[in-house]
Structure formats: structure tokens, C-alpha cells
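# Summary of structural features
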Amino acid sequence: TCSEIILRQEVLKDGFHRDLLTKVKFGESIEDLQTCRLLIKQYIPTGLFVDPYELASLRERNITEAVMVSENFNIEAPNYLSKESEVLIYARQDSQCIDCFQAFLPVHYRYHQPHIKDGETFIVVHNPDLLMYCDQGKGYKSFWRVEE
């Protein structure tokens, strides 16, 4: 079990096209994170979308390791006609922090229902699921699922 995990997400850039940056810092309970891979299962709310074609392009250029899980996904649909989607992202170890992983995901705002009055629309991005795989050597491996 992990003694302490710090998860931080922030949205980078302004406008309709942004990046969701996820940073994960592990406590001292995992001895050798160099043998570990962290998979982030990010839930994308209806007010946002991830472009699967953009993800494929980023994978080809080795910028990110992310793939859409959801099928029958319409990137053109407004928020009130769309469904929540899921993306799997392999986080990379942070060169600035020995106990840290980070991943970025390009996200885009969807069009929303028109309002009579001017106003703001808030979109809540929930914490992702974290799945960790560590090769312990000696012929066995460890898997962890980190939940809120």
C-alpha cells in the first residue's frame, strides 16, 4: 500500500483548446519507482472532449502515450448531446522529481446550451483512477489501484 499520494491537476492555456496536466507524487513507501509504470484513467466530462486524431498524432511524435477508451465518440456534438468519455494515459517519470510522474492531455471545450443572460459555465473534472505496475524482479510483478 502507498503511504501518501499527492495528485494535482491543472489546466494550462486559455480559450477553447487547453491542456490538462496531471502530476502524481508518491510517498516513501515505494522503494524503486524506476521499475514502475503509472496508468491514468481520466474521465472527460460532457463539457469537454479529447480529439482521438490529435492523440494519434501526439503518439506518433512520442509526445504523449494516450488512447481513447470510449467508442462512438462525436467530437462535434455540443455538451448537452454528448456523453462522458474516458482516456488512458501513461504518465512519464518527472526528471525534476524522483518520486513523481506527470502526463498531459489536450482537451477542448464543447459548445454549450445558449443562455438568455450572459453567464459562465463551470466544468468539473473529477480525479482520475491511478493504476500502477511495478516490475519487482525475481519473476513477480506488483499492481496497485489507487482510489480516492
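Values in this document were obtained by computation on a predicted structure and should not be read as measured data. Per chain, residues are indexed from 1 in the order of the written sequence. For a predicted model such as this one, the threshold for reporting local features is a pLDDT of at least 70, and the threshold for listing and counting side-chain atom pairs is 80 or more; totals across whole chains, interfaces and linings nevertheless cover every residue. Side-chain numbers come from the whole structure's heavy atoms, not from hydrogens or water.

## Comments concerning helix α1 (residues 52–60)
- A 3.5 Å cut-off defines polar contacts: any pair of N or O atoms within that distance qualifies, except that in protein one atom must be a possible hydrogen donor and the other a possible acceptor, and neighbouring residues in sequence count only when both atoms are side-chain atoms. We count a stretch as a helix when DSSP gives it H or I for four or more residues in a row; a strand needs E for two or more, and each element gets its number in order from the N terminus. Capping the start of α1, Asp51 holds a side-chain oxygen 2.9 Å from the backbone nitrogen of Tyr53, two or three residues further along.
- Positive phi appears at Asn62, one or two residues downstream of α1, with a value of about 60°.

## Focus: the pattern of salt bridges
- When a carboxyl oxygen of Asp or Glu is within 4 Å of a side-chain nitrogen of Lys or Arg, the pair counts as a salt bridge. Inspection of the entire model under this criterion finds five salt bridges.
- The residue Lys13 makes a salt bridge to Asp19 at a minimum N-O spacing of 3.4 Å.
- Residue Lys13 is classed as exposed on the basis of its relative accessible area, which comes to 51%.
- The shortest N-O distance in the salt bridge between Asp99 and Lys25 comes to 3.9 Å. Placement of Asp99 in the loop between β6 (85–93) and β7 (100–109) and of Lys25 in strand β2 (residues 17–26) is noted, with a sequence separation of 74 residues between them.
- Partly exposed residues are those whose accessible area sits between 20% and 50% of the maximum for their type, while under 20% is buried and over 50% is exposed, using a 1.4 Å probe and protein chains only. For Asp99, a relative accessible area of 22% puts it in the partly exposed group.
- Given the relative accessible area of 34%, Lys25 is considered partly exposed.

## Some points on the packing of aromatic side chains
- Working definition: a ring pair exists when centres of Phe, Tyr or Trp rings (six-membered ring for Trp) sit within 6.5 Å. Plane angles under 30 degrees give stacked, over 60 give edge-to-face, the rest tilted. Applying the stated criterion across every chain, the model contains three aromatic pairs.
- Seen from their ring centres, Phe16 and Tyr109 are 6.4 Å apart, and the 85° between their planes marks the pair as edge-to-face. A residue pair is termed long-range when its members are at least 10 positions apart, and Phe16 in the loop between β1 (5–12) and β2 and Tyr109 in strand β7 qualify at 93 residues.
- You can call Phe16 partly exposed: its relative accessible area is 44%.
- With relative accessibility at 27%, the residue Tyr109 sits in the partly exposed group.
- Each ring, one from Phe16 and one from Tyr111, has its centre 5.8 Å from the other, and the planes form 45°; the classification is tilted. Taken together, the residues Phe16 in the loop between β1 and β2 and Tyr111 in the loop between β7 and β8 (129–135) connect sequence positions 95 residues apart.
- Through a chain of ring-to-ring contacts, the aromatic side chains of Phe16, Tyr109 and Tyr111 assemble into a single cluster.

## A word on the environment of Leu88
- Mapped onto the fold, Leu88 is located in strand β6.
- Taking the C-alpha atoms as reference points, Leu88 and Pro128, separated by 40 residues in sequence, lie 9.7 Å from one another.
- Two residues qualify as a contact provided that any one of their heavy atoms is within 4.5 Å of a heavy atom in the partner residue. Not counting the four nearest positions on each side in its chain, Leu88 is found in contact with Leu39, Ile40, Lys41, Glu65, Ala66, Val67 and Val69.

## Notes on the nonpolar core
- As used in this record, nonpolar core signifies buried Ala, Val, Leu, Ile, Met, Phe, Trp, Tyr and Cys residues forming a set joined through side-chain atoms within 4.5 Å. Core analysis: the biggest nonpolar cluster contains 23 residues, and Leu38, Val50, Val87, Phe101, Leu105 and Met132 have the highest contact counts within it.
- Elements with a minimum of two residues in this core: β2, β3 (36–44), β5 (65–68), β6, β7 and β8.
- Setting aside anything within four residues of it in sequence, one finds Leu105 in contact with Arg18, Asp19, Leu20, Gln42, Ile44, Val50, Leu55, Ala66, Val87 and Ile89.

## Thoughts on the environment of Gly15
- Note on placement: Gly15 falls in the loop between β1 and β2.
- For Gly15, a relative accessible area of 36% corresponds to the partly exposed category.
- When the C-alpha positions of Gly15 and His108 are compared, they lie 8.7 Å apart, and in sequence the two are 93 residues distant.

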